[in-house]
Amino acid sequence: MLRAARDLTKDLGEARGRIYWGDMLVSTAIGYGGIATAILTNNVIIALIAGLIASLALYRSLMFIHELTHIRRGTLPGFRTSWNLLIGVPMLTPSFMYEGVHVIHHKHTQYGTIEDPEYLPLALMKPWSLPLFVIVALLAPFAFMVRFGLLVPIGALIPAVRKLIWQRFSSLSINPDFRRKAPTGDFAKRVFWQETGASIWAIALIASTFAVGWRPLLIALAIVSVTAMLNQLRTLVAHLWENEGEPMTVTAQFLDSVNVPPPGIAGEIWAPVGLRYHALHHLMPSMPYHDLPEAHRRLARELGDGSTYEGANHPGMLTLVARIARSTMVGR
C-alpha cells in the first residue's frame, strides 16, 4: 500500500498557494462577517443563521492549523504569519499550540501510546465519556480566554505558573497525561510573539466589555463554542480509538484511522481541509489537502474492494459514532 501510494501520486504533493490563500482568506472573511452580523442584528433568526455560517466558516479557517504543521518551511511564504495574525491570535489558538505536538501523533513508535498527545482509547472507556468528551469542548473558548488573558500575565511574573501553563495548557491535545517540553531556538521566539499577541488580544476583549457591554463578546464566544464542539465531534470520529496504549504496527495505525470519502458533501463540512481523508493523511502526511481527493481516487481504483486501504473507508459520522458508542457499552 505504501509503495502504491508513492508510485501513484508522484505528480501530486505540491502545495498550491492560490488554493491555500484563497480558501483561507474567503473562509475567514465569511466567518468574521457572520460574527459581525450576529452581533449587530436585532433579528434572532438572522443572528442564528449568521452565527451558524460563521461557526462553519471559522472552523474551516481554523483547520489550516493542521496544514501548517505539515507544509515544508518556505513552501508558502508568509502563510503561517498571516494565518496567525488573521485567525490564530484573534481566535486564541495560535499555531504554536499545534506545531511540535501534532507531529508526535504521526510517529510510528508513539501513535496510540501514552506518549501520543492526540490519542485516547475512547472506544474502550465508559459510555458517559463520549458525550462528556464532546460537550466539554463548548467551554474551550472560555478556557482560552482565561489562559491568555489571565494565566499568561501571571506566568510572566511567576515562573512556576509559567511552567505549569506550558506543560499542561499549551497544546491542542486530548491526552491528559501529556506534558509538553519547553520550546527552544526559533520556535521559542515564535511562541513568544504568538502568545504575547494572543494575551494582549484576550485582555482587550475583556476590557471591551466596559465600553460596549458583555453582549458582543458572549455572542462571539458562543459562535466559537459551536466551532469547538464541531471540531471535537470530528476528532471523535477521526480514529476508531481501539488501542489500549501498546505500540501498533503501521497497518494497525492506518486501520485505526478513518477516511470518510465521497459521495456526499457532509464530510467536507464537518471534516474540511482534507480531514475527511484522515487515514490517507496518516499514510501520506505531507500531501497537501487539495491533492488528497485525487490521491484517494487513484488508490481506491488501484487497490480495489477488500484491500487494506478500503478497510479504512467509512460511510459517515453517524455510523462511526454508533460504532464507538457500541464499543463503550460492550466493553473489551
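Residues numbered from 1 in each chain as written. Predicted model: local features only at pLDDT ≥ 70, side-chain atom pairs only at ≥ 80, totals over all residues. Heavy atoms only, no water.

1. Here we look at the overall build of the protein
Turning to step 1, where the next piece is worked out: When helices and strands are tallied, the protein shows 16 helices and zero strands.
Turning to step 2, where the next piece is worked out: For the protein, whose C-alpha radius of gyration is 20 Å, the value lies close to the compact-globule estimate of 20 Å for 332 residues.
Turning to step 3, where the next piece is worked out: When the backbone C-alpha atoms are referred to their principal axes, the protein occupies close to 60 × 45 × 45 Å.
Turning to step 4, where the next piece is worked out: When each of the 332 residues of the protein is scored for burial, the buried share is 49%.
Turning to step 5, where the next piece is worked out: Considering only contacts within the protein whose residues lie at least 6 apart along the sequence, 74% involve residues at least 24 apart.
Turning to step 6, where the next piece is worked out: Here the protein has roughly 16200 Å² of accessible surface; of this, 67% comes from carbon and sulfur atoms.
Turning to step 7, where the next piece is worked out: When the 29 positive and 22 negative side-chain charges of the protein are each reduced to one mean point, those points stand 6 Å apart. (Helix = DSSP H or I, 4+ residues; strand = E, 2+ residues; numbered from the N terminus. Rg over C-alpha atoms; globule rule 2.2 N^0.38 Å. Buried < 20%, exposed > 50% of the residue type's maximum accessible area, 1.4 Å probe, protein only. Contact = heavy atoms within 4.5 Å. Areas by Shrake-Rupley, 256 points an atom, 1.4 Å probe, with all protein chains shown as cover. Lys, Arg positive; Asp, Glu negative; His and termini not counted. Charge placed at Lys NZ, Arg CZ, Asp CG, Glu CD.)

2. Structural notes on a nonpolar patch on the surface
Turning to step 1, where the next piece is worked out: Where nonpolar side chains cluster on the molecular surface, the patch consists of Trp128, Leu132, Val136, Leu139, Phe142, Ile206, Trp214 and Leu218 and spans about 820 Å² of accessible area.
Turning to step 2, where the next piece is worked out: In this structure, isoleucine 206 sits in helix α10 (residues 185–212).
Turning to step 3, where the next piece is worked out: With relative accessibility at 33%, the residue isoleucine 206 sits in the partly exposed group. (Patch = residues over 30% accessible without salt bridge, like charges linked within 9 Å, V, L, I, M, F, W, Y side chains within 5 Å. Salt bridge = Lys/Arg side-chain N within 4 Å of Asp/Glu carboxyl O.)

3. Describing the packing of aromatic side chains
Turning to step 1, where the next piece is worked out: Counted by the stated rule, this structure contains ten aromatic pairs.
Turning to step 2, where the next piece is worked out: Residues phenylalanine 64 and tyrosine 289 carry aromatic rings whose centres are separated by 5.5 Å and whose planes lie at 90° to one another, so their mutual orientation is edge-to-face. Of this pair, phenylalanine 64 sits in helix α4 (residues 64–68) while tyrosine 289 sits in the loop between α14 (278–283) and α15 (292–303), and the two are 225 residues apart along the sequence.
Turning to step 3, where the next piece is worked out: On the basis of an interplanar angle of 20° and a centroid distance of 5.8 Å, the ring pair of phenylalanine 96 and tryptophan 166 is categorised as stacked. Of the two residues, phenylalanine 96 is situated in the loop between α5 (79–88) and α6 (102–105) and tryptophan 166 in helix α9 (residues 159–169); the sequence distance between them amounts to 70 residues.
Turning to step 4, where the next piece is worked out: The class of tryptophan 166 is buried, set by a relative accessible area of 5%.
Turning to step 5, where the next piece is worked out: Grouped by ring-pair contacts, the aromatic residues Tyr20, Trp21, Phe64, Phe79 and Tyr289 constitute a single cluster.
Turning to step 6, where the next piece is worked out: A cation over an aromatic ring shows up here: arginine 147 above the ring of phenylalanine 148, its NZ or CZ 4.5 Å from the ring centre. (Phe/Tyr/Trp six-rings, centres within 6.5 Å; stacked < 30°, edge-to-face > 60°. Lys NZ or Arg CZ within 6 Å of the ring centre and 35° of its normal.)

4. Section: the environment of isoleucine 203
Turning to step 1, where the next piece is worked out: Within the element layout of this structure, isoleucine 203 appears in helix α10.
Turning to step 2, where the next piece is worked out: Distance in space between the C-alpha atoms of isoleucine 203 and proline 153 is 9.7 Å, their sequence separation being 50 residues.
Turning to step 3, where the next piece is worked out: Among all residues touching isoleucine 203, those that are not within four sequence positions of it are Gly149 and Pro153.

5. Quick notes on the packing of helix α3 (residues 44–62) against helix α11 (residues 215–236)
Turning to step 1, where the next piece is worked out: Interhelical geometry of α3 versus α11 gives an angle of 55° and a closest axis separation of 8 Å. Our classification of the angle between α3 and α11 gives oblique. Here α3 runs over α11; the crossing is right-handed. On the side of α3, the interface is formed by Gly51, Ala54, Ser55, Leu56, Leu58, Tyr59 and Leu62, while α11 contributes Ile223, Val226, Thr227, Leu230, Asn231 and Arg234.
Turning to step 2, where the next piece is worked out: Classifying every residue of the contact of α3 with α11 gives eight nonpolar, four polar and one charged. (Axes fitted to C-alpha atoms, helices over the stretch in contact; angles between N-to-C directions. Parallel < 35°, antiparallel > 145°, perpendicular 65-115°, else oblique. Left-handed = near helix turned anticlockwise from the far one by under 90°. Nonpolar A, V, L, I, M, F, W, Y, C, P; charged D, E, K, R; others polar.)

6. Describing the pattern of salt bridges
Turning to step 1, where the next piece is worked out: Across all of its chains, the model carries 13 salt bridges by this definition.
Turning to step 2, where the next piece is worked out: Measuring nitrogen to oxygen at the nearest pair gives 2.8 Å for the salt bridge that ties arginine 147 to glutamate 195. With arginine 147 in helix α8 (residues 140–157) and glutamate 195 in helix α10, this residue pair connects regions lying 48 residues apart in the sequence.
Turning to step 3, where the next piece is worked out: Residue classification places arginine 147 among the buried residues on the basis of a relative accessible area of 3%.
Turning to step 4, where the next piece is worked out: Where arginine 298 meets glutamate 294, a salt bridge forms, and the shortest distance between an N and an O atom there is 2.8 Å. Placement of the pair is arginine 298 and glutamate 294 together in helix α15, with a separation of four residues, close to one helical turn.
Turning to step 5, where the next piece is worked out: Three or more residues are tied together by salt bridges with common partners; here these are Asp11, Glu294, Arg297 and Arg298.

7. What about the environment of arginine 18?
Turning to step 1, where the next piece is worked out: The residue arginine 18 is located in helix α2 (residues 17–40) in this model.
Turning to step 2, where the next piece is worked out: Between the C-alpha atom of arginine 18 and that of alanine 312, which follows or precedes it by 294 residues, the distance is 31 Å.

8. Digging into α10
Turning to step 1, where the next piece is worked out: Its 28 residues place the ends of α10 41 Å apart at the C-alpha level, agreeing with the 40 Å of an ideal helix rising 1.5 Å per residue.
Turning to step 2, where the next piece is worked out: Along α10, the residues classified as buried are Phe187, Arg190, Val191, Gln194, Glu195, Ala198, Ser199, Ala202 and Thr209.
Turning to step 3, where the next piece is worked out: Contacts made by the buried residues of α10 are with α5, α8, α9 and α11. (Expected span 1.5 Å × (residues − 1).)

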